[in-house]
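Fold and contact review
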Amino acid sequence: MLFFSIDTIAQWLKDQGLANVFPGIIDHLEADFRRWPDFYKSARHATYYPDGVIELMPCADQDYYAFKYVNGHPNNPALGKLNVLAFGVLADAHTGYPLLISEMTLLTAVRTAATAALAARYLARQDSRRIALIGTGAQAEFVTWALSTQYQGCQVHYYDTDPQAMRKYHENLAASGIPVFPADSIAAAVRGADIIVTATAAKCRADLIQTAMLSPGQCYLGLGGDCPGKTEFSPEVLQQCKIVVEYLPQSLVEGEIQNLDSDNVHAELWELVAGIKEGRAAPEEITLFDSVGFALEDYSILTLLYKLAENGDIRPESVLAIIPDLADPKDLYGLVKA
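A brief look at the structure comes next. Owing to the predicted nature of the structure, the values given are computational and were not obtained by experimental measurement. (Residues numbered from 1 in each chain as written. Predicted model: local features only at pLDDT ≥ 70, side-chain atom pairs only at ≥ 80, totals over all residues. Heavy atoms only, no water.)

What follows deals with the overall build of the protein. Secondary structure summary: the protein contains 10 helices and 15 strands in total. Here the protein has a C-alpha radius of gyration of 20 Å; the compact-globule value for 338 residues is 20 Å, and the two agree. The principal-axis extent of the C-alpha atoms belonging to the protein is close to 75 × 45 × 40 Å. The buried share among the 338 residues of the protein stands at 54%. Considering only contacts in the protein between residues 6 or more positions apart, those separated by 24 or more positions represent 71%. For the protein, the computed accessible surface area is about 15200 Å², with 53% contributed by carbon and sulfur atoms. Taking the average location of the 25 positive side-chain charges in the protein and that of its 42 negative ones, the two points are 2 Å from each other. (Helix = DSSP H or I, 4+ residues; strand = E, 2+ residues; numbered from the N terminus. Rg over C-alpha atoms; globule rule 2.2 N^0.38 Å. Buried < 20%, exposed > 50% of the residue type's maximum accessible area, 1.4 Å probe, protein only. Contact = heavy atoms within 4.5 Å. Areas by Shrake-Rupley, 256 points an atom, 1.4 Å probe, with all protein chains shown as cover. Lys, Arg positive; Asp, Glu negative; His and termini not counted. Charge placed at Lys NZ, Arg CZ, Asp CG, Glu CD.)

Our focus in this paragraph is the pattern of salt bridges. The final tally for this structure, using the stated rule, is 16 salt bridges. Residue Asp298 pairs with Arg111 through a salt bridge whose shortest N-O separation is 2.8 Å. Taken together, the residues Asp298 in helix H10 (residues 295–310) and Arg111 in helix H3 (residues 105–123) connect sequence positions 187 residues apart. Across the pair, exposure class does not vary: Asp298 and Arg111 are buried alike. A salt bridge links Lys168 to Glu141; the nearest nitrogen and oxygen atoms lie 2.9 Å apart. Of this pair, Lys168 sits in helix H5 (residues 163–173) while Glu141 sits in helix H4 (residues 140–150), and the two are 27 residues apart along the sequence. (Salt bridge = Lys/Arg side-chain N within 4 Å of Asp/Glu carboxyl O.)

Mapped onto the fold, Glu232 is located in the loop between strand E11 (219–222) and helix H7 (235–238). This buried residue, Glu232, is left without a salt bridge; Lys230 holds the nearest opposite charge, at 6.0 Å. Here the side chain of Glu232 touches Thr200 through a polar contact of 2.5 Å, side chain to side chain. Not counting residues up to four positions away in its chain, the partners in contact with Glu232 are Thr198, Ala199, Thr200, Ala206, Asp207, Leu208, Ile209, Gly222, Leu223, Gly224, Gly225 and Glu256. (Polar contact = N/O pair within 3.5 Å; in protein donor to acceptor, adjacent residues only side chain to side chain.)

Next up on the list: the sheet that holds strand E5 (residues 86–92). Strand order in the open sheet formed by 7 strands is E2-E3-E4-E5-E6-E1-E15, and the pairing between neighbours is mixed. Strands with a single pairing partner mark the edges of an open sheet, and in this sheet they are strand E2 (45–49) and strand E15 (318–319). In this structure, E2 lies alongside strand E3 (residues 52–60), joined through 5 bridges in antiparallel fashion. What sits directly across from Tyr48, in E3, is Val53. Packing against the sheet, H3 makes contact with E3, strand E4 (64–72), E5 and strand E6 (98–103), and its axis sits at approximately 85 degrees to E6. (Pairing = 2+ DSSP bridges. Axes fitted to C-alpha atoms, helices over the stretch in contact; angles between N-to-C directions.)

This paragraph deals with the pairing of E4. Strand residues, when the strand is regular, have side chains that alternate between the two faces of the sheet. Summarising the sheet, E3 and E4 pair through 8 bridges and their orientation is antiparallel. Of the residues in E4, the one forming a bridge with Ile54 is Asn71. Linking E3 back to E4 in an antiparallel pair, the connection comprises 3 residues. Bridging between E4 and E5 involves 7 bridges; their strand directions are antiparallel. Directly across from Lys68, in E5, lies its bridge partner Gly88.

Topologically, Lys277 is positioned in the loop between helix H9 (269–273) and strand E14 (287–290). Distance from Lys277 to Ala267, taken between C-alpha atoms, is 7.0 Å for residues 10 residues apart in sequence. In this structure Lys277 touches His266, Ala267, Glu271 and Leu272, once residues within four positions along its chain are discounted.

We now examine the sheet that holds strand E8 (residues 155–159). Strand order in the open sheet formed by 8 strands is E9-E8-E7-E10-E11-E14-E12-E13, and the pairing between neighbours is parallel. Strand pairing shows two members of the sheet lacking a second neighbour, strand E9 (180–182) and strand E13 (265–268), which therefore form its edges. Taking each pair of neighbouring strands and ignoring which way they run, the sheet shows an average axis angle of 20 degrees. Sheet analysis places strand E10 (residues 195–198) next to E11, joined by 4 bridges and oriented parallel. Paired with Ile195 across the two strands is Cys219, which belongs to E11. The strands touched by H4 within the sheet are strand E7 (130–134), E8, E10 and E11, with E7 carrying the most contacts at an inclination of about 165 degrees.

Where burial is concerned, most of H4 is hidden: 10 out of the 11 residues are buried. Along H4, the positions that sit buried rather than exposed are Ala140, Glu141, Phe142, Val143, Thr144, Trp145, Ala146, Leu147, Ser148 and Thr149.

As a further point, take H5. Turning to H5, its buried residues number three or more, namely Ala165, Met166, Tyr169 and Leu173. For H5, the angular spread of buried residues about the axis comes to 100 degrees, placing them on one side. Looking at H5, the residues exposed on the side facing more than 90 degrees away from the buried face are Gln164 and Glu171. Where the residues of H5 are buried, they touch E7, H4, E8 and E9. Two or three places before Gln164, at the start of H5, stands the capping residue Asp162, its side-chain oxygen 3.0 Å from that residue's backbone nitrogen. (Arc of directions from axis to C-beta.)

So, about the packing of aromatic side chains. Two measures describe an aromatic ring pair: the distance that separates the ring centres and the angle between the ring planes. One pass over the structure, following the stated rule, counts 10 aromatic pairs. The rings of Phe33, Trp36, Tyr247, Trp270 and Phe294 are connected pair by pair, giving a single aromatic cluster. (Phe/Tyr/Trp six-rings, centres within 6.5 Å; stacked < 30°, edge-to-face > 60°.)

Here we take up the pairing of E8. For E8, the buried fraction is high: 4 of the 5 residues fall into the buried class. One ladder, built from 5 bridges, connects E7 with E8; its direction is parallel. Residue Ile131 lies in a different strand from E8, and its bridge partner there is Val156. Each parallel crossover has a hand, and the one from E8 via H5 to E9 is right-handed. (Right-handed = clockwise from strand over helix to strand, strands pointing away.)

In short, shape yes, function no, at least from these values alone.
Written out as structure tokens, the structure is:
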């Protein structure tokens, strides 16, 4: 089984450059969403604790089975630990043999950003240039890079309640060539924006966007809500938007629409990709992608990673010997026989 460490994935992303990596990931993701009926799908299995959540996220088709272990502990940064960390496994569905295990802390940030950019293809105006970013935590730079590959010449106006997080974001992108401008409030960041990304971590029912901030033609990408009781938009704001989700059964429990009901949802993302339903139908529409993160996105990036490894475009750190190599597949006892 191939093993991809955090160092291997980080070096690959550095060597390739996020501006070069994201277009291919977004296209690969789009192709997988287009064949949505081919997949075995289920909402993630979540175990909730007072401090956070630990989840397993499976997704499979006839050839591959994938799952991800991931947590969400909003208080972790105060302890010097990551809010979200993850690893994933890809297996051969025909034999059940695992093919690879990989870090997915970085890959989750990448696939989340890629999914947001994919949704924007269908929900944002094609002439979008001004992006507002609310929340400059661990996800912020990745979604900035992903959107910048889709909207050439865009500029980002950003805000966070944590000044240190804002400085971190600005310093990280100082040499990127992407124009980024700090704002002194959410309202200031959103004013005049075409695409608004919310990526906050607070585990509460937040009300980030006031109805007075809404303007015709906006596209909202809500990335922060991902568990019961954790949302970023009020019902009043949601009711003004055309809402698209990833997987409705999961989104009703974890997404922004836990504040409403399924009647307020226009479509699942795959329906837009497959051409079954229309995304943005008019320039003045206000659209919202209510993203909670779905296992198909993990399947997609893990299968892409495996194909890149097969082609020699990325080298695993090592091959893990966790599968018994038996001359007689019925003689497992032979491994421990004295």
